[in-house]
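Inside the fold
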Amino acid sequence: MSDTPLYDFAESLRRELGYDENDFAVRLLYEELDHNFYIYRLLWKEFGPNKALEIYRPVVGVLTAGMPVAVAGAMGLEEVKDIPTLGRMVEAGMTAFPVLYETAINTEDLHVGRVHWCPNTFYSPAARHEVEMHSYFRSQVAITIDPLLTGFVRFANEHGLDTELEVDCPQAMCTNANARFCEYVIQRKGVPRYSPADMPVDEEAYVAFDMGDEEPLLYCLRRQGRSVAEQIPVNLLSFLQFDAGAYEVLAEILGKNESLEFYKRLWASRAEKWTKEARLDLEIGKVSGLEDLARIIVHNQRMRFTPYQVENTDDREVRLRGATDPLVALGMTVLGKTKNDAYFQAVRAGSEQLVAQILRETNMEGKAKATVTKSMAGGDDRNEITIQAL
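Reading the values: rules and limits
- Residues numbered from 1 in each chain as written.
- Predicted model: local features only at pLDDT ≥ 70, side-chain atom pairs only at ≥ 80, totals over all residues.
- Heavy atoms only, no water.
- Helix = DSSP H or I, 4+ residues; strand = E, 2+ residues; numbered from the N terminus.
- Rg over C-alpha atoms; globule rule 2.2 N^0.38 Å.
- Buried < 20%, exposed > 50% of the residue type's maximum accessible area, 1.4 Å probe, protein only.
- Contact = heavy atoms within 4.5 Å.
- Axes fitted to C-alpha atoms, helices over the stretch in contact; angles between N-to-C directions.
- Parallel < 35°, antiparallel > 145°, perpendicular 65-115°, else oblique.
- Left-handed = near helix turned anticlockwise from the far one by under 90°.
- Nonpolar A, V, L, I, M, F, W, Y, C, P; charged D, E, K, R; others polar.
- Pairing = 2+ DSSP bridges.
- Phe/Tyr/Trp six-rings, centres within 6.5 Å; stacked < 30°, edge-to-face > 60°.
- Lys NZ or Arg CZ within 6 Å of the ring centre and 35° of its normal.
- Core = buried A, V, L, I, M, F, W, Y, C linked by side-chain atoms within 4.5 Å.

1. Focus on the overall build of the protein chain
Within the protein chain one finds 14 helices and eight strands. At 22 Å, the protein chain has a C-alpha radius of gyration in line with the 21 Å of a compact globule built from 390 residues. C-alpha extents for the protein chain along the principal axes are approximately 75 × 45 × 45 Å. The buried share of the protein chain, taken over its 390 residues, is 52%. For the protein chain, long-range pairs separated by at least 24 residues make up 64% of all intrachain contacts whose partners lie at least 6 apart in sequence.

Here it is in structure tokens:
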């Protein structure tokens, strides 16, 4: 066992959900990036691409805000007086995402880092059409520049680096099929602007060629010299921070009521994909009764890392119960939220909307009713969903 409470919680949750360690790490990364994408896509649909990015940027900022502080602490840095030190901080910070990051240039005037593998191009969901996909990937380049790189620069300027810097991401694999790597640039303002490396297309030089059939995340961690156990808590926490950040940033920009309604639509939008996956995994063609519906709801909740068990089964009523909710548990212990926090009210409402949408996806609306009768997000000691035949 670890002396880190977050690790211990993640390990307990993994066992309760029934994953082995490798599968849990991969699923966490999938769902973190899925959630990220679904947040952006819903913003894009409802506000258009420009406003969507304007709102999405501070959502990502919630996740990246503490990164420079954490990295400096891990490296034992009290001050950052030059670009090479700042470059080493960026490389250390990117490791946990996780990416394969190589420092190509690190001088007094210029830092260039190359990302040879990034989970976005391997684990991000396929969009319904390419406009959504390309818009999302462009947003990933934009948020790499700001708030990610600008956050490191701001930290350095506040801790001893007395010079103006510029940041850029001149090429990225997700927006350029010919790019062999992404490039992150931090340079002193006024020096000749860095031009991206001109690399001929050579498929054998891509990391994916060396990766072969190995699970991409496991390949990346092996190359980094890090363990799956180290990565699991990072992605579990990121999943929570994206979720809470989306609600809180929207509450500031749009108001609490609009933020709550957006959050409910966000979780309802997850039901279509998860229900299709549930039918395949559980070998359920047509949902024929309460037991099938219950198993699909449990599967959907498992995808949001909230374990439920089927109890009290009969022809007229099924109850699902669970005693762990990571959004609530980590929201309190890591984010410092109290029991009556507005975010937890949103978590309960989001779960209710997810369940309601599952009924629509399974054509069980009008045949059954599913009600969230207890919720840890609402202050109860457990989660409970009651399914009744109509």
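Next comes the rest of the write-up.
2. Observations concerning the packing of helix α2 (residues 21-64) against helix α10 (residues 256-269)
The contact between α2 and α10 brings their axes to 10 Å, and the two run at 120 degrees. Here α2 lies oblique to α10, going by the angle between them. The hand of the α2/α10 crossing is right-handed. Of the residues in α10, those touching α2 at His35, Tyr38, Ile39, Leu42, Leu43 and Glu46 are Phe262, Arg265, Leu266, Trp267 and Ser269.

3. Thoughts on the packing of α10 against helix α11 (residues 271-282)
Contact pair α10 / α11: the axes reach a minimum separation of 5 Å and the direction vectors enclose 25 degrees. Classified by the interaxial angle, the pair formed by α10 and α11 is roughly parallel. From α10, Trp267, Ala268 and Ser269 reach across to α11, where they touch Ala271, Glu272 and Trp274. Of the residues belonging to the contact of α10 with α11, the class tally is four nonpolar, one polar and one charged.

4. Some thoughts on the pairing of strand β4 (residues 182-188)
Each regular strand carries side chains that alternate between the two faces of the sheet. In terms of burial, β4 is largely enclosed, as six of its seven residues are buried. The pairing of strand β2 (residues 110-117) with β4 spans six bridges and is antiparallel. Note that in β4 the partner of Val112 across the bridge is Val185. With five bridges connecting them, strand β3 (residues 165-171) and β4 associate as antiparallel partners. Each bridged residue has a counterpart across the sheet, and for Gln171 the counterpart in β4 is Glu183.

5. Topic: the sheet that holds strand β7 (residues 368-374)
Read from one edge of the open sheet, four strands run β5-β6-β8-β7, paired in antiparallel fashion. Strand pairing shows two members of the sheet lacking a second neighbour, β5 (309-311) and β7, which therefore form its edges. With strand direction ignored, the average angle separating the axes of adjacent strands in the sheet is 25 degrees. As paired elements, strand β6 (residues 317-322) and strand β8 (residues 383-389) share six bridges and run antiparallel to each other. What sits directly across from Gly322, in β8, is Asn383.

6. A short note on the sheet that holds strand β1 (residues 100-106)
On the basis of which strands lie adjacent, the open sheet formed by four strands has the order β1-β2-β4-β3 and antiparallel pairing. Since the sheet does not close on itself, it has two edges, and those belong to β1 and β3, each with one partner. On average, adjacent strands in this sheet sit at an angle of 20 degrees to one another, irrespective of strand direction. Along the sheet face, helix α4 (residues 83-95) touches β1, β2, β3 and β4 and points at about 170 degrees away from the line of β1. Strands β3 and β4 of the sheet are contacted by helix α6 (residues 130-158), whose axis makes an angle of about 150 degrees with β3.

7. A look at the packing of aromatic side chains
Taken as a whole and judged by the stated rule, the model has 18 aromatic pairs. Pairing Tyr40 with Tyr56 gives two aromatic rings, centres 5.2 Å apart and planes at 70 degrees, and the pair type is edge-to-face. Tyr56 carries the same exposure label as Tyr40, and that label is buried. Judged by centre distance (6.1 Å) and plane angle (40 degrees), the rings of Trp267 and Trp274 are tilted. Both residues of the pair, Trp267 and Trp274, belong to the buried class. An aromatic cluster is defined as three or more aromatic residues linked by ring pairs; in this entry it consists of Phe37, Tyr38, Tyr40, Tyr56, Tyr136 and Phe137. The ring of Tyr38 carries the charged tip of Arg270 above its face, separated from the ring centre by 4.4 Å. It is Arg302 that lies over the ring of Tyr19; its NZ or CZ is 3.8 Å from the centre.

8. Re the nonpolar core
Ranked by internal contacts, the top residues of the largest apolar core, which has 66 residues, are Leu293, Leu320, Tyr343 and Ile387. Setting aside residues up to four positions removed in sequence, Leu320 forms contacts with Ala294, Ile297, Val298, Tyr308, Gln309, Val310, Asn383, Glu384, Ile385 and Ile387. Trp44, Ile143, Leu161 and Leu165 belong to the second largest nonpolar core, which has 53 residues in total.

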